[in-house]
Amino acid sequence: MARVTFQSLILTLQNFWAERGCLIETPLDLEVGAGTMHPATYLRVLGPEPWNVAYVQPSRRPADGRYGDNPFRLGKHYQFQVILKPSPLEVQELYLDSLRAIGLDLTKHDIRFEEDNWESPTLGAWGVGWQILLDGMEITQFTYFQQAGGIDLAPISAEITYGLERLTMFLSRKDSVFDIEWTAGVGYGPVRHQEEYEFSKYYFETADIDLHWKLLDAYEGEARRCLDANLVLPAYDFTLKCSHVFNTLDARGAISVTERVGVIKRVRDLAVRCAQGYYAAREALGFPLLQGGSTNG
Amino acid sequence: MAEYVFELLTEEIPAWMHDTAAATLTQRLAKLVEETGGDPSSVIVNTTPRRIAFMLGKLKEREEDREIEVKGPPKKAAYDADGKPTQALNGFLKKNNASIEHVVDAGDYITIRRQIAGRGIGEILAAQIPQIIESIRWPKMMRWGKGEHSYIRPIHSVVSLFDGKHVPITIFGVASGTTTAGHRILAPQKIEVTSWNDYVSRLELARVVADPMRRRHVMAERARVLGNEVGGTPSIDASIWSQWQYLTEYPGVVRAEFRRDYLALPDEVLVTVMRVHQKQLPIRDAQGKLTPYFLAVLDNEGDPAGNAAYGNSFVTNARFADAKFFYETDRKRKLSDRFEQLEHLQFQEKLGNYAEKSKRIERIVRDLGGDEDALTAARLCKTDLVTEMVKEFTDLQGQIGGIYAREEGYPEPVWQAIYDQYKPASLDDSLPRTLSGALVSLADRIDTLAGFFSIGAKPTGSKDPFALRRAAQGIVLILLNRDKREVKVGIDRLIDLATSDPQVKADLFAFFAERVKTILEQRFAYDEVAAAMEAGWAASLTDLSDRVEALKSVREDANFLSILDSAKRIANITEGHDGTTVDASQLQHETEKRLNELTTVVGSQIDELITDRRYRPALESFAAMAPELEKFFVDVMVMVEDDAVRRNRMSLLRKIGNAVMKIADVTRIVVDRRDYK
């Protein structure tokens, strides 16, 4: 097996999926907890338009931070996200081919698809699928999206989410995420460790609780204003900001159990309205991608 | 031969769904085979993660021919004046695909009789199989592709063969054929299927073992060998095996190893991570101690490159690293210092936080007479809910608290009571090990029950989201116990300790009656339970169980009929009469005088026996009065005109009847008299 780095893995996956007809998106320029929240997934899975996309998404989960002390856990990790809509029947084979492309001889490994369904209360979304285990280790989440924003989906999208650090660690036989190579000669640790430490410190100890409650109110208000003005995409940006503020407050230990349910509901209400608004807007545009995507959407 | 072979190739079906789906399918297929005159015992259903396959072995090739009669229009309307068939008759014949020669003479209406040739089995299968497969109700369905169909997973191919020949069918738009594919990675080639035996053996060559039981046996044997090699034994665990056999098509097992320093973590944590989170089997040494070795399932023939061993070690070490982090963080803070945090942890919106709940538990334990150890356990029992370990491994709540208490040096009755507070978790589970544990478990559960009942969250039908039935069942099991952990309290008093609301009390009382009944009916007949409960149950469950036991044992005796008949007779004749005071001066007949004397003597004897809880001899004493009672009914008329005399006689009978009513209302026992010949 060729020497695998974090970067070579991204490039291989990107090329692999590009060659199979995927549009290569760029990461969303906002803090999100997962690639699913990128509008290229959450909104594009709605409605009848075909959509095949792949992109890297830095994913921030404040509560998962460990000050850079834990060899396996990160407050920010990178996902490689693929959406195939409608899901092709050979999607599992395509996925296995992507593993072959990164240099795995699958006959010498153990690959299993074990049930793992996905549900996001803040997005009003759920799907059915598996965690994909490579030699017992979860490297990918595979989901057939069934609902987003409370809307039943048809066609169905297949979502493939690779955990890039995990996979690199495993392929390069490193026991700590901070020991993997970003690219030849440059380690992931030197690039990212300081960030892990500082953000753990920030999210767990320093973040201004009052400010974040105010931000939550302000972002929510702005999202509503946008929705009322039929500006769905800006509204969705502000919804995502609310979601991240919520995660921050949660990591900071500032949300009680009762409040938690309430805040989740506030975010979900926004997300659901965004989804409905997006669907209506695409419909009004005549679902541009149905015509092969050559007209302006 | 007449054999039908079917396979549905899908994507990976969740392991836990296979057994139920296979059982349902077997049942439906057996019914189909039986209805078409074949042998239903010949049905074989095999599933793998990606396949649902079956064989119907002894099919009848054709249904029997049948004759049918169909009634049509009235004769009068069937022919016109010229005797020619009318529109009505022609229409009727056309609709039934019949002609005029099928018409038979049968009264005032046109009737046709015709032979229906039995359908060939191929035709029946083609019609029935898709319906049977498509209608399997999976616990969680999904749609895929265009989203037209809903099933457990997307469908890839269908094999449908009758006696080696293709029977074309379509399942959710997928047309059948005669080929399948081997193991996804190891042997993905196409396989032509001609018969069931051929299917099973060719699949096996293509690294797929179709029969789940065979996969399990191969894995079990492999596990034993891999355990032996490191001088240990894999922990036998039925729930792991039943998952493993549906996780792979090839029955492989691999041994891996975690870092030895993690053995310092509590066993419960190690085992939970391996079993619940990783579906791995720990290996224990000859002394039963955990070793750093464990087994994992493997969908491959072996692991010559050591990849699977590496990967499984990697992920388990990662999990343990997390657990160690939580463990070390938790140990920086004593359980007793965590109590305050419970104020911020809500038990239920309307029922306050866990600090309040803990105080209620402590109060109930005190009222139940708990000692200092029990009270300490009660105070600390919920503090593990705010540890990192329980946040991560919620299944271990209680156990983690117990382990931390042990490490903090609390005595056994304290830490074990915390550890065991959720015991018994089921009918088969063991009870808390100590009296203090029993008290904490009782107090916690009665508080939960009273709380939820008071906010109107009683279980209804199959809905019991707060597992209140299980909570009540746990209480009943603890109160039925009579060793050194026996808690001498009745359900009635326990309810009184937890609530003062009369409506809640009444509802709980009825709820417990159901649980007591259900649990006792596992060991005793329903009428024995009903009879004994009628004589009271809420003051002491051990007493109730003694009384049912006595009833069960005398029931086998020949003189039980005397007990039953006497009791019934007394009950009938004294209906609506409550008094038991007999005025000796009013007794006229010699027989009733003697009966009264006997009753006084035997009655006090029965009372004594009842006080000593010697219920069987008590019932026997009652039975011994039967001849005298018999004589009384012959010699003495109860329903006489004279009010005072009548009432006095009824009181005498009541006095006798009541003696036995303290044990059970034996009139509720249903007997078949032939059993007593």
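Residues numbered from 1 in each chain as written. Chains lettered and ligands numbered in written order. Predicted model: local features only at pLDDT ≥ 70, side-chain atom pairs only at ≥ 80, totals over all residues. Heavy atoms only, no water.

Participant: I'm lost on the overall build of chain B in this one. Help?
Facilitator: On a plain count of helices and strands, chain B comes out with 25 helices and 18 strands. For chain B, the C-alpha radius of gyration of 36 Å lies well beyond 26 Å, the compact-globule estimate for 677 residues. Relative to its 677 residues, chain B shows a buried fraction of 53%. Long-range contacts, defined here as pairs at least 24 residues apart, represent 67% of the contacts in chain B between residues at least 6 apart. A total of about 31000 Å² of accessible surface is found on chain B, and carbon and sulfur atoms cover 49% of it. (Helix = DSSP H or I, 4+ residues; strand = E, 2+ residues; numbered from the N terminus. Rg over C-alpha atoms; globule rule 2.2 N^0.38 Å. Buried < 20%, exposed > 50% of the residue type's maximum accessible area, 1.4 Å probe, protein only. Contact = heavy atoms within 4.5 Å. Areas by Shrake-Rupley, 256 points an atom, 1.4 Å probe, with all protein chains shown as cover.)

Participant: In this structure, what is going on with the domain arrangement of chain B? I would like to understand it.
Facilitator: By a widely used convention, the size of an interface equals the accessible area lost when the partners come together. For chain B, the domain assignment lists domain 1 (2-62 + 121-205), domain 2 (66-116), domain 3 (212-330), domain 4 (336-520) and domain 5 (558-676). A C-alpha centroid distance of 75 Å is found between domain 2 of chain B and domain 5 of chain B. (Domains from an automatic or database assignment.)

Participant: So what exactly am I meant to see when it comes to the packing of aromatic side chains here?
Facilitator: Using the criterion set out here, one finds 43 aromatic pairs over all chains in the structure. The structure contains a cluster of three or more aromatic residues connected by ring pairs, namely F80, Y95, F113, W130, F142, Y144 and Y162 of chain A. It is R433 of chain B that lies over the ring of Y419 of chain B; its NZ or CZ is 5.0 Å from the centre. (Phe/Tyr/Trp six-rings, centres within 6.5 Å; stacked < 30°, edge-to-face > 60°. Lys NZ or Arg CZ within 6 Å of the ring centre and 35° of its normal.)

Participant: How do you make sense of helix 4 (residues 121-134) of chain B when you look at a structure like this?
Facilitator: Since the α-helix advances by 3.6 residues per turn, residues separated by three or four positions end up pointing in the same direction. Residue and element names in this part refer to chain B. The end-to-end C-alpha separation of helix 4 is 20 Å, in line with the 20 Å expected for 14 residues at 1.5 Å each. The sharpest bend along helix 4 comes to roughly 30 degrees, located at Q128, with the proline P130 sitting one to four residues further on. For helix 4, the complete set of buried residues consists of I121, I124, L125, I129, P130, I132 and I133. On its buried side, helix 4 packs onto strand 1 (4-10), helix 1 (18-35), strand 3 (51-58), strand 7 (155-162) and strand 9 (170-171). (Expected span 1.5 Å × (residues − 1). Bend = angle between axes of the 7 residues up to and from the residue.)

Participant: In this structure, what is going on with unusual backbone geometry? I would like to understand it.
Facilitator: In the segment running from K85 of chain A into P86 of chain A, the intervening peptide bond is cis, with an omega of 0 degrees. Position of P86 of chain A relative to the elements: it lies in the loop between strand 3 (76-85) and helix 3 (91-101). Even without being glycine, D163 of chain B reaches a positive phi, approximately 45 degrees. Mapped onto the elements of the fold, D163 of chain B is located in the loop between strand 7 and strand 8 (165-166). One non-glycine residue, R207 of chain B, lies in the positive phi region at around 65 degrees. By the secondary structure assignment, R207 of chain B is in the loop between helix 5 (196-205) and helix 6 (212-229). Residue R207 of chain B is classed as partly exposed on the basis of its relative accessible area of 28%.

Participant: What am I meant to see in helix 23 (residues 615-624) of chain B here?
Facilitator: Inspection of helix 23 of chain B places Y615, A618, L619, S621, F622 and A623 of chain B among the buried residues, and these make up the whole buried set. Those residues of helix 23 of chain B that are buried lie in contact with helix 20 (541-555), helix 21 (560-573), helix 22 (590-611), helix 24 (626-635) and helix 25 (643-661) of chain B.

Participant: Explanation requested: the nonpolar core in the structure shown.
Facilitator: When a protein is soluble and globular, its nonpolar side chains tend to lie buried together. Within the largest apolar cluster, 228 residues are counted, with the highest numbers of intra-cluster contacts made by W17 of chain A together with Y4 and F512 of chain B. Broken down by element, this core gets its largest block of residues, 10 residues, from helix 15 (residues 435-454) of chain B. Apart from residues lying up to four places away in sequence, F512 of chain B is in contact with I446, L449, A472, I475, V476, I491, I495 and W537 of chain B. Among the nonpolar cores identified, the runner-up in size contains 38 residues, and Y615, A618, F632 and V636 of chain B belong to it. (Core = buried A, V, L, I, M, F, W, Y, C linked by side-chain atoms within 4.5 Å.)

Participant: I'm lost on empty space enclosed by the protein in this one. Help?
Facilitator: To find the voids left in a structure, one rolls a probe of water-molecule size over its atoms. All names here are of chain A. Using the criterion set out here, one finds one cavity of 30 Å³ or more in the structure. Volume-wise, the largest cavity comes out at about 80 Å³. Lining the largest cavity are R60, P62, G65, G75, K76, R192, E195, E196, F199, S200 and Y203. Here the lining of the largest cavity takes six residues from helix 5 (residues 188-206), the largest share from any one element. Here the lining of the largest cavity is composed, by residue class, of three nonpolar, three polar and five charged. (1 Å grid on protein atoms, 1.4 Å probe; cavity = no way out; pocket = protein on both sides within 12 Å on 5 of 7 lines; lining within 4 Å. Points joined across faces, edges and corners; volume = space filled by probe spheres on them. Nonpolar A, V, L, I, M, F, W, Y, C, P; charged D, E, K, R; others polar.)

Participant: Is there a simple way to explain the pairing of strand 3 of chain B in this structure?
Facilitator: Along any regular strand, the residues point their side chains to alternate faces of the sheet. All names here are of chain B. Counting buried residues along strand 3, seven of its eight residues qualify, which places the element largely inside the surrounding structure. As paired strands, strand 2 (residues 39-48) and strand 3 are joined by seven bridges and run antiparallel to one another. In the sheet register, D39 faces strand 3, and the bridge partner there is K58. Linkage of strand 2 to strand 3, two consecutive antiparallel strands, is achieved through a turn of two residues. (Pairing = 2+ DSSP bridges.)

Participant: Where do I start with the packing of helix 22 of chain B against helix 24 of chain B in this structure?
Facilitator: Each pair of packed helices can be described by the angle between their axes along with the distance between the axes. Residue and element names in this part refer to chain B. Running from N to C, helix 22 and helix 24 point in directions that differ by 150 degrees, and their axes come no closer than 9 Å. Viewed along their axes, helix 22 and helix 24 adopt a mutual orientation that is roughly antiparallel. Helix-helix and strand crossings are classified by hand; for helix 22 and helix 24 the assignment is left-handed. Between helix 22 and helix 24, the contacting residues are T591, E592, R594, L595 and L598 on the first element and E628, L629, K631, F632 and D635 on the second. In terms of residue class, the contact of helix 22 with helix 24 is built from four nonpolar, one polar and five charged. (Axes fitted to C-alpha atoms, helices over the stretch in contact; angles between N-to-C directions. Parallel < 35°, antiparallel > 145°, perpendicular 65-115°, else oblique. Left-handed = near helix turned anticlockwise from the far one by under 90°.)

Participant: I'm lost on the layout of surface pockets in this one. Help?
Facilitator: Residue and element names in this part refer to chain B. Approximately 760 Å³ is the volume attributed to the second largest pocket. Lining the second largest pocket are 25 residues; nearest its centre among them are Q397, Y422, D444, R445 and R470. With four residues, the top contributor of residues to the lining of the second largest pocket is helix 15. Along the lines of polarity and charge, the residues of the lining of the second largest pocket split into 11 nonpolar, five polar and nine charged.

Participant: Hey, could you run me through the pattern of salt bridges in this one?
Facilitator: Oppositely charged side chains can pair when the atoms bearing their charge come close. Under the counting rule described, the total for this entry stands at 70 salt bridges over all chains. Of the charged contacts in the structure, one is a salt bridge between D250 of chain A and R260 of chain A, with a shortest N-O distance of 2.8 Å. Taken together, the residues D250 of chain A in helix 7 (residues 232-251) and R260 of chain A in helix 8 (residues 257-284) connect sequence positions 10 residues apart. A relative accessible area of 27% means that D250 of chain A is categorised as partly exposed. The partner of K382 of chain B in a salt bridge is D444 of chain B, with the nearest N and O atoms 2.8 Å apart. Placement of K382 of chain B in the loop between helix 11 (372-380) and helix 12 (388-392) and of D444 of chain B in helix 15 is noted, with a sequence separation of 62 residues between them. Overlapping salt bridges bring together D64 and R73 of chain A together with R319, D322 and E392 of chain B as one network. (Salt bridge = Lys/Arg side-chain N within 4 Å of Asp/Glu carboxyl O.)

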